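Structure assessment
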Amino acid sequence: MLKNALPWILLAVVLVVIAYLLGSNANREEIARVEAQRQDMKSQRDSIKAFVALKDTMQQILQNRITELETDADNLREQVRILETVRKKEQLGVRMLKTPDDLKNKFASTFPELPEEKIKIFEEYVSEVDISLQYFGVPLWFSETFIIDHNNSINYEKQNIKLASLDTLNLRVISLQDKVLVLEKEKSEAYRIGYDSAYVHYMEISKLYMNELEKPRFDLPHWGAIIGGTAVGILIGTQLNK
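Residues numbered from 1 in each chain as written. Predicted model: local features only at pLDDT ≥ 70, side-chain atom pairs only at ≥ 80, totals over all residues. Heavy atoms only, no water.

1. Details of the overall build of the chain
Each helix and strand counted, the chain has four helices and two strands in total. For the chain, contacts bridging at least 24 residues in sequence account for 65% of all contacts bridging at least 6. Counting every atom, the chain has about 19100 Å² of accessible surface; 64% of that belongs to carbon and sulfur. (Helix = DSSP H or I, 4+ residues; strand = E, 2+ residues; numbered from the N terminus. Contact = heavy atoms within 4.5 Å. Areas by Shrake-Rupley, 256 points an atom, 1.4 Å probe, with all protein chains shown as cover.)

2. Comments concerning the environment of Asp178
Along the chain, the position of Asp178 falls in helix α3 (residues 143-213). Using a relative accessible area of 29% as the deciding quantity, one classes Asp178 as partly exposed. Separated by 115 residues in sequence, Asp178 and Gln63 place their C-alpha atoms 9.5 Å apart. (Buried < 20%, exposed > 50% of the residue type's maximum accessible area, 1.4 Å probe, protein only.)

3. Some words on unusual backbone geometry
Phi is positive for Asp130, which is not a glycine, with a value near 55°. Structurally, Asp130 can be placed in the loop between β1 (120-126) and β2 (131-137). Look at Asp130 and you get exposed, because its relative accessible area is 57%.

4. Some points on the nonpolar core
One finds Phe107, Ala108, Phe111, Leu114, Ile119 and Phe142 forming the largest nonpolar core, which totals six residues. The contact partners of Leu114, leaving out residues within four places of it in the chain, are Phe107, Ile119, Val138, Pro139 and Phe142. (Core = buried A, V, L, I, M, F, W, Y, C linked by side-chain atoms within 4.5 Å.)

5. What about the pattern of salt bridges?
Evaluated as defined, the whole model comprises five salt bridges. The salt bridge partner of Arg87 is Glu84, with a shortest N-O separation of 2.8 Å. Note that Arg87 and Glu84 are positioned in helix α1 (residues 2-95) at a spacing of three residues, about one turn of the helix. Using a relative accessible area of 32% as the deciding quantity, one classes Glu84 as partly exposed. Taken together, the salt bridges that share partners define one network made up of Asp74, Arg77 and Asp167. (Salt bridge = Lys/Arg side-chain N within 4 Å of Asp/Glu carboxyl O.)

6. Things to note about a nonpolar patch on the surface
On the surface, Phe122, Val129, Ile131, Leu133 and Tyr135 cluster together into a nonpolar patch covering about 430 Å² of accessible area. Inspection of the secondary structure assignment puts Ile131 in strand β2. (Patch = residues over 30% accessible without salt bridge, like charges linked within 9 Å, V, L, I, M, F, W, Y side chains within 5 Å.)

7. Overview of the packing of aromatic side chains
Per the stated rule, a full pass over the model turns up seven aromatic pairs. Residues Phe111 and Phe146 carry aromatic rings whose centres are separated by 5.5 Å and whose planes lie at 85° to one another, so their mutual orientation is edge-to-face. Within this pair, whereas Phe111 is found in the loop between α2 (100-110) and β1, its partner Phe146 is found in helix α3, the two being separated by 35 residues in sequence. Taking the centre distance of 5.7 Å and the plane angle of 15° together, the rings of Phe122 and Tyr135 count as stacked. Taken together, the positions of Phe122 in strand β1 and Tyr135 in strand β2 put the pair 13 residues apart, joining distant regions of the chain. (Phe/Tyr/Trp six-rings, centres within 6.5 Å; stacked < 30°, edge-to-face > 60°.)

8. Quick look at the pairing of β2
Where β1 meets β2, seven bridges bridge the pair, whose relative direction is antiparallel. Paired with Glu124 across the two strands is Leu133, which belongs to β2. What sits between the antiparallel neighbours β1 and β2 is a turn of four residues, in which Asp130 has the positive phi angle 55°. (Pairing = 2+ DSSP bridges.)

9. Some remarks on the side chain of Arg77
Along the polypeptide, Arg77 turns up in helix α1. For Arg77, a relative accessible area of 17% corresponds to the buried category.

So this is what it looks like as structure tokens:
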């Protein structure tokens, strides 16, 4: 009976070995797949880190340039304040001129294009108040210079007000941009921390999984399967020989 069952026992053993080999091949394929996935994820992480480093460098360059421009803007604002101080001081200086000659000399230095000999100072009696008033005389068409300068003064004052408002608006925009930049940095940092954490955990779990796949397969359970298969083979052989 044992002799007749021997082929079936061998068949059962062969089936068990084939099953084991197929399982081992599947494990090797799974290990290769997981390893490829690990390498791909590592490559992605390296690419992201390189991109983030480049972005940080560009942000730092831009931040340095912004700081330089802000310094230049502060210097220009200071120059505007100095010019306004000088303007008020010169205006006060004109108001404090005492003599006709002083006023004439100041006028001549202010409008050097007008020959000094063309500037006339004369008096005219005003009978209503019984007093003589001094007048300043220039050629008639030179008066257009005063008209143009006066209109320019009004226009420049309006421009100055608009420019001051524009500067204030720019300061608010810069402040908001700084806040957006800070939020962007915080968001990028949170993403980086989260991604790094997920990457570390994935690497740990996948390594444990690969270690499990790489364990020797001929342990007690597999020998139990072989013995069970042999017993099944004997049983089949016995039943067929009846």
